[in-house]
Amino acid sequence: MPRAFVTGITGQDGQHLAELLHGKGYDVFGMVKGQSNPRAQQVQEEMPFVELVSGDLADLPSLVAALEMSQPDEVYNLGAISFVALSFSQAELTANITGLGVLRMLEAIRMVGGTQNNPVRFYQASSSEMFGKVRETPQTEMTPFHPRSPYGCAKVFGHDIVVNYRESYGLHASSGILFNHEGPRRGIEFVTRKVTNAVARIKLGLQHELVLGNLESKRDWGYAGDYVRAMWMMLQQDEPGDYVVATGETHSIEELVTRAFAEVGIDNWGDYVRQDPKFFRPAEVDLLIGDASRAREQLGWRPEVDFGQLVKMMVTHDLEHEANKAGLAVPD
Ligand code: GDP
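As the structure is a computational prediction, the values presented were derived from the model and not from experiment.

1. Describing the site of the ligand
Consideration 1: Near the ligand lie 17 residues; those nearest to it are Lys194, Ser217, Arg219, Arg281 and Glu284.
Consideration 2: The side chain of lysine 194 places a nitrogen or oxygen atom 2.7 Å from an oxygen atom of the ligand.
Consideration 3: Protein chains shield 97% of the accessible area of the ligand, which is 540 Å² for the free molecule.
Consideration 4: Looking at the shell around the ligand, its residues break down into 7 nonpolar, 4 polar and 6 charged.
Consideration 5: Both of domain 1 (3-182 + 221-245) and domain 2 (191-219 + 252-287 + 307-326) provide at least three residues apiece to the shell around the ligand.

This is the structure:
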């Protein structure tokens, strides 16, 4: 059986990827950090097939030990400080984990495997946030980077060091430049889930207001379940490479809000939404829209869930989830 090692196993993508790999017959090893990590326990309950391995992206010897223990054929580096807003207040931590963590993982692979004799394949979770103040629209693998947050800067370092290790040491190392990808497992701090959860709670009478920041920025939002397929496909190629993964459609936060409220039959969403400067960022990424032609042509990848289906899926999930928690009936 092929063996896969996944960092960031407790996150949205880690969970989707673990399910995908398990379905394909992989032995899945998931790295978790810290003592009595509550999210690790949750992963263990929901996905008992994942073997948890202790390690920390801040600690190279722990990565070497984790790889020695799990002996993977494929390594997926999804672990990061991934919330853009937090990266402004914890910039050094973000640089260390999201940026230098990639370098440590690559070094660990070189020490444990990744040679011609034992070619471990590596996937790096690069991000559309690297495009930042976009130089061209839509964005492709050739679009120059201009990150607008410590998170974006750290991801650029991660991306560049993967290219460098590929070119310097011949590693089979690929990067997926993934545009925003969402779903019912998305953290509540991200705008899609914040909105769909609030809409569900407002519909159920559990909440009366949704407080947001910038409603004008635009994102190319896809479904995380579709995007982890692209990660796996990249590592099945004979040659490593970089791929934009995106839907090619963009929508504003305001469109997201309108659509989510419409799902529960509320048209006058302005009565419930308030803006607060505390949710605005020191620098903003105004517009993202990706051109995934390369992934389509070389990997045969295409997304299956569109924006409307994604919002519906998330609102439906949050309605059920919040109603169950509160002991209420799910509205029709
Ligand atoms: P990001 O693209 O990785 O930063 O994903 P987010 O979901 O955190 O943010 C997407 C966009 O939504 C950004 O342009 C934010 O400025 C905007 N936004 C507006 N209000 C909010 C809010 O209350 N929370 C978050 N997270 N983002 C917001």
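What follows picks up the thread again.
2. What about the domain arrangement of the chain?
Quoted interface sizes are often the accessible area lost when the parts come together.
Consideration 1: Assigned domains within the chain: domain 1 (3-182 + 221-245) and domain 2 (191-219 + 252-287 + 307-326).
Consideration 2: The C-alpha centroid of domain 2 is placed 28 Å from the C-alpha centroid of domain 1.
Consideration 3: When domain 1 packs against domain 2, close to 1400 Å² is buried across both sides, 67% of that on carbon and sulfur atoms.
Consideration 4: Together, Arg148, Glu182 and Trp221 form the three largest contributors to the area buried by domain 1 at its contact with domain 2, with a combined 50%.
Consideration 5: The tally of links from domain 1 across to domain 2 stands at 1 salt bridge.
Consideration 6: Where domain 1 touches domain 2, the interface holds 2 residue pairs in polar contact (both at pLDDT 80 or more).
Consideration 7: Looking at the side of domain 1 that touches domain 2, the elements that each hand over two or more residues are helix 4 (84-89) and strand 10 (222-223).
Consideration 8: In terms of residue count, the dominant contributor to the side of domain 1 that touches domain 2 is helix 4 (3 residues).
Consideration 9: Among the residues forming the side of domain 1 that touches domain 2, the class breakdown is 7 nonpolar, 5 polar and 3 charged.

3. Some words on unusual backbone geometry
Consideration 1: Geometrically, the link from threonine 137 to proline 138 is a cis peptide bond, its omega value of -5 degrees lying close to zero.
Consideration 2: Within the fold, proline 138 resides in the loop between strand 5 (121-127) and helix 6 (150-169).
Consideration 3: Within the chain, serine 36 stands out as a residue other than glycine whose phi angle is a positive 35 degrees.
Consideration 4: The residue serine 36 is located in the loop between strand 2 (27-32) and helix 2 (38-46) in this model.
Consideration 5: For glutamine 71, which is not glycine, the phi torsion reads 45 degrees and is therefore positive.
Consideration 6: Tracing the backbone shows glutamine 71 in the loop between helix 3 (60-70) and strand 4 (74-77).
Consideration 7: The exposure class assigned to glutamine 71 is partly exposed, which follows from its relative accessible area of 43%.

4. Points about the packing of helix 9 (residues 253-263) against helix 11 (residues 307-326)
Consideration 1: Two elements in contact, helix 9 and helix 11, have axes whose closest approach is 9 Å; the angle formed by their N-to-C orientations is 55 degrees. Here helix 11 runs oblique to helix 9, going by the angle between their axes. In the packing of helix 9 onto helix 11, the handedness of the crossing is right-handed. Judged by residue contacts, Leu256, Arg259, Ala260 and Glu263 of helix 9 engage Phe307, Gly308, Val311, Lys312 and Val315 from helix 11.
Consideration 2: Here the contact of helix 9 with helix 11 is composed, by residue class, of 5 nonpolar, 1 polar and 3 charged.

5. What to know about the nonpolar core
Consideration 1: One finds Tyr76, Tyr123 and Trp301 to be the most contacted residues of the largest nonpolar core, which totals 40 residues.
Consideration 2: Broken down by element, the residue count for this core peaks at 7 residues, all from helix 8 (residues 224-235).
Consideration 3: Apart from residues lying up to four places away in sequence, tyrosine 123 is in contact with Val75, Tyr76, Asn77, Leu78, Ser174, Ser175, Gly176, Leu178, Met231, Met234 and Leu235.
Consideration 4: Counting residues in hydrophobic clusters, the runner-up holds 28 residues, among them Leu212, Ile253, Val311 and Ala323.

6. Focus: the sheet that holds strand 5
The strands that make up a sheet are held in pairs by hydrogen bonds between backbone atoms, and each pair lies either parallel or antiparallel.
Consideration 1: Taken together, the 7 strands give an open sheet; going across it, the order is 3-2-1-4-5-6-11, and neighbouring strands pair in parallel fashion. Sheet topology places strand 3 (51-54) and strand 11 (242-245) at the edges, where each strand pairs with a single neighbour. Here the strands of the sheet are splayed against their neighbours by 20 degrees on average, with no regard to which way each runs.
Consideration 2: With 4 bridges joining them, strand 6 (residues 172-178) and strand 11 adopt parallel strand pairing. Residue serine 175 lies in a different strand from strand 11, and its bridge partner there is aspartate 242.

Reading the values: the criteria
Position numbers for residues count from 1 along each chain, tracking the sequence in the order it is written. Given that the model is predicted, a residue must reach a pLDDT of at least 70 before its local features are reported, and side-chain atom pairs must reach 80 or more before they are shown or counted; all residues, however, enter totals for whole chains, interfaces and linings. Processing note: side-chain calculations cover all non-hydrogen atoms of the structure and skip hydrogens and water entirely. We call a residue near a given molecule or strand whenever any one of its heavy atoms falls within 4 Å of it. The definition of a polar contact used here is a pair of N or O atoms within 3.5 Å, where within protein one atom must be able to donate a hydrogen and the other to accept one, and adjacent residues in sequence count solely through side-chain atom pairs. For the accessible areas, the method is Shrake-Rupley and the probe is 1.4 Å, while residue cover comes only from the protein chains on display. Charged residues are taken to be Asp, Glu, Lys and Arg, nonpolar residues to be Ala, Val, Leu, Ile, Met, Phe, Trp, Tyr, Cys and Pro, and polar residues to be all remaining types, Gly included. Boundary definitions for the domains trace back to an automatic or database domain assignment. Two parts placed together each lose some accessible area under a 1.4 Å probe, and adding up what both lose gives the buried area. One side-chain nitrogen of Lys or Arg within 4 Å of one carboxyl oxygen of Asp or Glu is enough to make a salt bridge. Here a strand is any run of E in DSSP of at least two residues, a helix any run of H or I of at least four, and the numbering for each starts at the N terminus. When accessible area is computed with a 1.4 Å probe and restricted to protein chains, residues below 20% of their type maximum are described as buried, those above 50% as exposed, and intermediate ones as partly exposed. In this description, a line fitted to the C-alpha atoms serves as the axis of each element, helices being fitted only across the stretch in contact, and the angle between N-to-C directions of two axes falls anywhere from 0 to 180 degrees. By the definition adopted for this analysis, an angle is roughly parallel if under 35 degrees, roughly antiparallel if over 145, roughly perpendicular if from 65 to 115, and oblique otherwise. Crossing handedness is read from the near helix: turned anticlockwise from the far helix by less than a right angle, it gives a left-handed crossing, and turned clockwise, a right-handed one. Contacts were defined at the residue level, with two residues in contact if any of their heavy atoms lie within 4.5 Å. For this analysis, a nonpolar core means a set of buried residues of the types Ala, Val, Leu, Ile, Met, Phe, Trp, Tyr and Cys, connected via side-chain atoms within 4.5 Å. In this scheme, strands are said to pair when DSSP sees at least two bridges between them.

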